[in-house]
2 protein chains.
Amino acid sequence: MAATIRDIKERTGLSLATISKYLNGGNVLPENREKIKEAIVELNYQVNEMARSLVTSQSKTIGVVVFDIANVFAGILLRHIGEKLRASGYAAMFCDSMNDPGLEKENIRFLLNKKVDGLLVIPVEETSDFLEPAFNENVPVVLMDRSIKDPRLACIKVDNHAASEEAIRILSDYGHRKIAIIGSTLIPTGRERFEGCIKVLRERRIEIPEEYVKLGQHSIEHGYRSMQELLALPEPPTAVFMGNFEIILGAVMAVNESSFEYPRDISLIGFDDLLISNLSNPRLWLAVQPMQEMAWKAADLLISNIRLIREGQDPVRSEIKLPVKIIPGSSIAHVSENK
Amino acid sequence: MAATIRDIKERTGLSLATISKYLNGGNVLPENREKIKEAIVELNYQVNEMARSLVTSQSKTIGVVVFDIANVFAGILLRHIGEKLRASGYAAMFCDSMNDPGLEKENIRFLLNKKVDGLLVIPVEETSDFLEPAFNENVPVVLMDRSIKDPRLACIKVDNHAASEEAIRILSDYGHRKIAIIGSTLIPTGRERFEGCIKVLRERRIEIPEEYVKLGQHSIEHGYRSMQELLALPEPPTAVFMGNFEIILGAVMAVNESSFEYPRDISLIGFDDLLISNLSNPRLWLAVQPMQEMAWKAADLLISNIRLIREGQDPVRSEIKLPVKIIPGSSIAHVSENK
DNA sequence: TTACAAAGGCGAAACGTTTCGCTCTGTTTA
DNA sequence: TAAACAGAGCGAAACGTTTCGCCTTTGTAA
C-alpha cells in the first residue's frame, strides 16, 4: 500500500543506498536530489520508522514514568519534557505509576520491551532495584525531582533544602517565633524541605512544639485539615510553612473559611508555584521551582547520554540541583514584640 | 548483545518457526515448550518489538493527543487511558497540543510518522481538517470529550447539555430565580453546558440579565474574578452555576474570601468532580463525569476499530454520550418568597 | 495392517530500511 | 604526466521477527 524506498528506486533509477543517503542528509548530486524529491512528493512517501528502527536499533522513543500522571506538578513537567523531546525527534511514551511501586516496576519492564532508547523517571520507590532491568540492558536513565542514591543514576532536581531554609529565614526575619510546618516526610522532596526548615529553626533557637508539626500526605486534604487544626489550637502559630502545591491549596482554603485573615492573623509561605501564584489574594510568598529548566535539562542529559553510550563512551551520571527562587508576596506580616 | 530468537534456536535445536509459534501462543509439544522456556530464562531473551512491528506492520502503540496535558481533567483521563491500553498490550505516546491548533496538527503528523496504530484525541480544533492525514493513511481516530462533526469520526463524550439542564432545574426547584452562570463558550463542552442552562431558564421563564452571564476561559482566574464581580453587584444572584473544575476552584475561593457564605447567602452548583468533591465545606452539589468509563470506552472502541480495519471491515463511527451524575451536597439553600 | 487425519515442525521468503566496502569519474597536486 | 584523492553511486548483506506452504510424526479408526 504505502510507498517504499524501492518505489523511489524504480522511479528514479537510483540505488537504494543513494536514496537512503539522501533521506539521511548525505551528499547527492543536485540532479538526483531533484529526482528523489519529486518522486517522494508524487508517491507521498514516508519513511517507515519501524524498518529504520530495526536496523539502527534506535526507536527514537523515550519512556517517561511518572509517580502520578493526574498530579499537576507531574503534568507541567510532562508538558516541558514532551516539548523538548519532540524538538529532538524523540517521541514520549508515558506510563503512570499511580504511586504504586509494583506498577512502577512493571512500567519499566513494559517500556524496555517496547525498546525505548532511554528512560525519564519521577520515581515512587526510593531504592534503585526496580531499575535493574534498565541497567542490565544498558538503557540510560535520568531521574527527575526525586533522587535515588545509586552511582549509576543521573538526576535533575531542585535544591529543596536550601529553599526551605530560606523560607524559614524569611519568616524568622519578620519576627516570627511560632512557626508551624505542614508537609510530608513520606516522599524524599518533602523530607528535604522539612529538614531545611528544622535546620534553620535549630540555628535560630526557635522552639517548635509537636502540635506545630503536621506531617502527612502531599494532598489538598492534608493541607486543609492541618490548617484547621492549627488555627484551632489554644495558642495558634503566627506563621505557617506549606510544603507543596496541594497543601497550599487546602491550607489557604481553610484559612479563608475561618475567621482568620492572612497576613493579619497568620503569615503564610509556600512551596511550588504552578497555578495559584498570581491568583490568591493577598498574594502568597512562594518558593517557585524552575519547571521548564528541570524538564529540559533532564531531557537534554538523557539524549546526550544516549549518544555517549552509542559511541561507546561513559554516560554522565551527575546529580544537578537547580536553585529555587523565592518570590515575595504580601502574605507575611511583622510580628509585634508581645506576641 | 541481546539474545535473539536465533540463540534460542541454537540452544534448543528447534526451528525459528516453532519458537515464534511458541512466543505467539501456538501449539508446541510440552517437551519443546519446556526447552524453549528454559532457554528464554537462561539467555534472558526478550522479543524485539521493532522486528516484530516491521513484519506485522503493527506498532502496538497508540498516539494520544490532548489539548493541555497539565490540565487536571486531561491528566485524569490520561491515567485511565494508559491503564486500559496497557492491559491490551498497547503503549501510549502522548503529545501535548498546548491549546494550539497549529501544534495539534503537527502532533498528528508526528505520531503518524511514528506509525501509531490508532489515535485518541481530545481536540483543540473544532473542524476535522487536521485529521485528514490520519484518514488518508487509514489510521482510526477516536475523539474524547469534545466531538467534531465528521462522519469519519467516532467520539466518546458526556451529555453536557442534559446535565446542566438538570443542574438549573435543581436550582429552580429550590426556588431560585436570580441565577448566574460562570462558564465558557470558547470550547464545545462549555457551549453545550451553557445552552443546557439557557434552555431550562427559558422553559421556566426565568429572566437572566446580562450581568449574570460570565463567559470567558475555563480557568481559575475567570472563576475567581467572575464570582467577585457577581458578589459586588447591587443585586447579586442567589445562585450560581459554575461551568467546570477550574472555575469552581476560583469561584469558591472568591466566595470564601468575601463576606458571603454559602449556602446561606449564595447557592452553588458546579460541573466536574476531580479533586474537590469531598473537600469543600459545606459540600458542593456537583455534576460529576464518568472519567474512567469515558477513557475505557474510548480505548476499547479504538482497539476494536483497529482490529476491524485490519480484518477489512468497516470501523464503528458512533458518537456515544455518557450520562453525568449529579451528586447532592449542602451548597444549595431554599429561597424565601421575598427574595 | 493399512489408511488417514491432525498436530507439530521446518525452511525460506518477506518486511523496509541502513551501511560496508567497492568502483568509477573527474580534479588536484607534485 | 602520473599519482593521489575526493565525490558520488552501487550491490549486497544485515537487522530479528512472522508466516506460508510443505513435510514428518503420531495416534486412531477401519
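Counting from 1, residues in each chain are numbered in the order their sequence is written. Labels are handed out in written order, letters beginning with A for the chains and numbers beginning with 1 for the ligands. Only residues with pLDDT of at least 70 are given local features in this predicted model, and only at 80 or more are side-chain atom pairs given and counted; all residues enter the totals for whole chains, interfaces and linings. Remark: hydrogens and water are excluded; side-chain values derive from all non-hydrogen atoms of the structure.

### A look at the domain arrangement of chain A
Operational definition: Annotation comment: domain bounds sourced from an automatic or database domain assignment.
By domain assignment, chain A separates into domain 1 (5-47), domain 2 (61-158 + 291-323) and domain 3 (160-289). Averaged C-alpha coordinates put domain 1 of chain A and domain 2 of chain A at centres separated by 37 Å.

### Topic: empty space enclosed by the protein
Applicable threshold: Whether a set of points on the 1 Å grid over the protein atoms alone is a cavity depends on a 1.4 Å probe fitting there but being unable to get out, while an open set qualifies as a pocket with protein on both sides within 12 Å along at least five of seven lines; lining residues are those with an atom within 4 Å of a point. Grid points are joined across faces, edges and corners, and a volume is the space filled by probe spheres set on the points. Put simply, DSSP marks the helices as runs of H or I at least four residues long and the strands as runs of E at least two long, and each gets a number from the N terminus on. Gly is put with the polar residues, along with every residue not named as nonpolar or charged; the nonpolar set is Ala, Val, Leu, Ile, Met, Phe, Trp, Tyr, Cys and Pro, and the charged set is Asp, Glu, Lys and Arg.
Tallied over the entire structure, the rule returns 5 cavities of 30 Å³ or more. Approximately 240 Å³ is the volume found for the largest cavity. Every residue lining the largest cavity is counted, 15 residues in all, and those nearest its centre are Ser-53 and Ser-59 of chain A together with Ser-53, Ser-59 and Lys-114 of chain B. Listing elements by their share of the lining of the largest cavity, those giving two or more residues are α4 (49-56) of chain A together with α4 (49-56) of chain B. Here the lining of the largest cavity is composed, by residue class, of 4 nonpolar, 6 polar and 5 charged.

### Some details on unusual backbone geometry
All names here are of chain A. What counts is decided by this rule: The buried label goes to any residue with under 20% of its type's maximum accessible area, the exposed label to any with over 50%, and the partly exposed label to all in between, with areas taken from a 1.4 Å probe on protein chains only.
The amide bond that connects Tyr-262 to the next residue, Pro-263, takes the cis arrangement and shows omega of 5 degrees. Turning to its location among the elements, Pro-263 is positioned in the loop between α11 (245-257) and β9 (267-271). Of note in the backbone geometry, Asn-99 takes a positive phi value of approximately 60 degrees without being a glycine. Look at Asn-99 and you get partly exposed, because its relative accessible area is 43%.

### Some points on the side chain of Glu-192 of chain B
Rules: Contacts were defined at the residue level, with two residues in contact if any of their heavy atoms lie within 4.5 Å.
One can find Glu-192 of chain B in helix α9 (residues 188-203). Setting aside its immediate chain neighbours within four residues, Glu-192 of chain B contacts Lys-157, Val-158, Asn-160, His-161 and Ser-164 of chain B.

### Thoughts on the pairing of strand β3 (residues 118-121) of chain B
Residue and element names in this part refer to chain B. Which entries qualify depends on this criterion: Whether two strands pair comes down to DSSP finding at least two bridges between them.
Going residue by residue along β3, you find Gly-118 and Leu-120 tucked away on one face and Leu-119 and Val-121 tucked away on the opposite face as well. When β3 meets strand β4 (residues 141-144), the two strands line up parallel, connected through 3 bridges. Following the sheet pairing, Val-121 is matched in β4 by Leu-143.

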